[in-house]
Amino acid sequence: MDSFMDELENLASAFSHQPELEADDATIAKWQRLFGYSASEAAKQLHEHRASILPAVSNEHWELVRAEKEAQGFDKEAYQHFCQAQSQSKTRTTPVPKSCRKAANYLLKMEGPLVDLDTIRTVGRIMSKMTEIPGSDDQGNQTKFCVVPLSAKAHIEGWLAQKGTPFQPTFVPYSRADKSLSTISRAPTLGVDTTLPQLRFDSNATEPQPTQSQYPVWYFFYGTLADPDVLKRLLGVVDPIYRPASVTGGRLVEWGGKYKALIDWPGSAVEGAAFLVESEEIEDALRCYETDKYEVVRCDIGMKDDKSLVKGLTFRFIV
């Protein structure tokens with residue numbers, strides 16, 4: 001009977017020494033510094049850690065590393081979280097969607113120890129020019145991204161592992177429609193085989209229009225991009241201005257059971273809308289939206305309102 005009562009007392013004692021699940025501001029700030037979390041993420045991680053039933057770091061283990069870890073800013077609780085995160089990162093595998101496996105570049109969220117371009121450039125061994133790209137996270141909070149190549153992703157992950165931090169960088173496959181407009185031919189052009197002799201470009205003529213870096217430039221939209229609500233969300237445009245238009249040399253088909261795709265179809269016409277793209281930044285957003293399943297091609301856009309024909313661009317599905 002005495003042993004039973006002793007056991008009850010031990011359980012009650014253990015329960016009374018459980019930490020509060022909600023963390024104070026000082027502890028949240030400490031976890032932000034140590035692990036690169038946002039304030040909300042630090043609070044969430046603390047709550048989950050304190051509610052966890054995973055085995056704790058033993059007192060003996062803690063005493064062996066205590067002086068070193070406290071000098072780095074850890075207390076026992078933070079160190080235990082560090083050890084658990086390291087263990088999980090070794091066993092965690094993230095499946096990559098088939099559509100993203102060929103992506104050569106990634107968007108990297110600038111946060112934690114990777115908050116500035118200089119650090120990312122140095123750690124990732126990136127030699128090319130880098131720029132910040134504004135964006136928002138899943139909660140709608142404003143944040144920043146930058147584009148890094150696949151090789152830099154590996155260097156960054158290796159650097160973080162060497163530092164011994166459980167911070168997990170956010171990499172998003174950067175897939176966008178290819179744009180490679182020729183300066184010596186009309187290639188690529190919707191519905192036109194520019195290699196045919198009768199369709200070859202006159203070498204004495206000026207550079208084919210539109211050029212690779214020409215802005216503003218008219219785009220022909222069909223499908224979701226012809227929906228003003230989609231364009232509002234994508235570009236932040238309050239009231240996008242469309243002009244009813246059509247192109248020849250193409251046909252709309254479906255892929256994936258729900259998406260409209262424009263393919264070459266000489267002699268056929270497609271109805272849609274024309275939109276004036278003012279800058280490369282806007283064009284980049286459109287190319288990312290369409291992904292690398294499409295490519296930017298030249299086309300003649302027929303304006304319905306004034307019957308004019310303008311040299312423009314559109315997104316052609318890659319068959």
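This text gives an overview of the structure that appears in the document. Small disclaimer: the values here were computed from a predicted structure and weren't measured.

1. Let's talk about the nonpolar core
Next up, step 1: Ranked by size, the top nonpolar core spans 30 residues in total, and within it Tyr219, Phe220, Phe221, Ile301 and Phe315 carry the most contacts.
Next up, step 2: Element by element, the count of residues in this core is highest for strand E7 (residues 259–277), at seven residues.
Next up, step 3: The contact partners of Tyr219, leaving out residues within four places of it in the chain, are Ala273, Ala274, Phe275, Val277, Glu283, Val296, Ile301, Leu313, Thr314 and Phe315.
Next up, step 4: Among the nonpolar cores identified, the runner-up in size contains 16 residues, and Met110, Ile120, Val123 and Phe171 belong to it.

2. Things to note about the side chain of Arg287
Next up, step 1: By the secondary structure assignment, Arg287 is in helix H9 (residues 280–290).
Next up, step 2: Filtering out sequence-adjacent residues up to four positions away, Arg287 remains in contact with Ser175, Arg176, Ala177, Asp178, Lys179, Val296 and Phe315.

3. What about the packing of helix H2 (residues 25–35) against helix H3 (residues 39–51)?
Next up, step 1: Contact pair H2 / H3: the axes reach a minimum separation of 9 Å and the direction vectors enclose 105 degrees. Accordingly, the angle class assigned to the pair H2 and H3 is roughly perpendicular. Residue-level inspection shows Thr27, Ile28, Trp31 and Gln32 of H2 in contact with H3, the latter providing Ala39, Ala42, Ala43, Gln45, Leu46, His49 and Arg50.
Next up, step 2: For the contact of H2 with H3, a count of residues per class yields six nonpolar, four polar and one charged.

4. What about helix H7 (residues 150–163)?
In an α-helix, one turn spans 3.6 residues; hence positions three or four apart end up facing the same way.
Next up, step 1: If you check H7, its first and last C-alpha atoms are 20 Å apart, about what 14 residues at 1.5 Å a residue would give, namely 20 Å.
Next up, step 2: Among all positions of H7, only Ala152, Lys153, Ile156 and Leu160 are buried. Along the axis of H7, the buried positions cluster into a sector of 105 degrees, meaning they face one direction only. Structural note: H7 exposes Ala161 and Gln162 on the side pointing more than 90 degrees away from its buried face.

5. Let's talk about the pattern of salt bridges
Next up, step 1: Tallied over the entire structure, the rule returns 17 salt bridges.
Next up, step 2: Here Lys30 ties to Asp75 by a salt bridge, and the two come within 3.1 Å at their closest N and O atoms. Taken together, the residues span a long stretch of sequence, with Lys30 in helix H2 and Asp75 in the loop between helix H4 (59–71) and helix H5 (76–91) at a distance of 45 residues.
Next up, step 3: The residue Asp300 makes a salt bridge to Lys311 at a minimum N-O spacing of 3.1 Å. Here the residue Asp300 occupies a position in strand E8 (residues 294–303), and Lys311 occupies one in strand E9 (residues 309–317), the gap between them amounting to 11 residues.
Next up, step 4: Exposure remark for Asp300: the relative accessible area of 32% places this residue in the partly exposed category.
Next up, step 5: Within this structure, Arg176, Asp284 and Arg287 form a network of salt bridges that share partners.

6. Digging into the environment of Val319
Next up, step 1: Assignment of secondary structure puts Val319 in the segment after E9.
Next up, step 2: Considered as a pair, Val319 and Leu262 are 57 residues apart in the sequence and their alpha carbons are 9.8 Å apart.

7. Observations regarding the packing of aromatic side chains
Next up, step 1: Here the structure, examined in full by the defined rule, presents 10 aromatic pairs.
Next up, step 2: A ring pair is formed by Tyr242 and Phe275, whose centres lie 6.0 Å apart and whose planes are at 55 degrees; its orientation type is tilted. Remark: Phe275 occurs in strand E7 and Tyr242 occurs in the loop between helix H8 (228–235) and strand E6 (243–255); sequence separation between them is 33 residues.
Next up, step 3: Geometrically, the ring pair formed by Tyr294 and Phe317 is edge-to-face, given 5.4 Å between the ring centres and 70 degrees between the ring planes. Taken together, the positions of Tyr294 in strand E8 and Phe317 in strand E9 put the pair 23 residues apart, joining distant regions of the chain.
Next up, step 4: Taking the relative accessible area as the measure of exposure, Phe317 reaches 17% and is therefore buried.

Reading the values: rules and limits
Residues numbered from 1 in each chain as written. Predicted model: local features only at pLDDT ≥ 70, side-chain atom pairs only at ≥ 80, totals over all residues. Heavy atoms only, no water. Core = buried A, V, L, I, M, F, W, Y, C linked by side-chain atoms within 4.5 Å. Buried < 20%, exposed > 50% of the residue type's maximum accessible area, 1.4 Å probe, protein only. Helix = DSSP H or I, 4+ residues; strand = E, 2+ residues; numbered from the N terminus. Contact = heavy atoms within 4.5 Å. Axes fitted to C-alpha atoms, helices over the stretch in contact; angles between N-to-C directions. Parallel < 35°, antiparallel > 145°, perpendicular 65-115°, else oblique. Nonpolar A, V, L, I, M, F, W, Y, C, P; charged D, E, K, R; others polar. Expected span 1.5 Å × (residues − 1). Arc of directions from axis to C-beta. Salt bridge = Lys/Arg side-chain N within 4 Å of Asp/Glu carboxyl O. Phe/Tyr/Trp six-rings, centres within 6.5 Å; stacked < 30°, edge-to-face > 60°.

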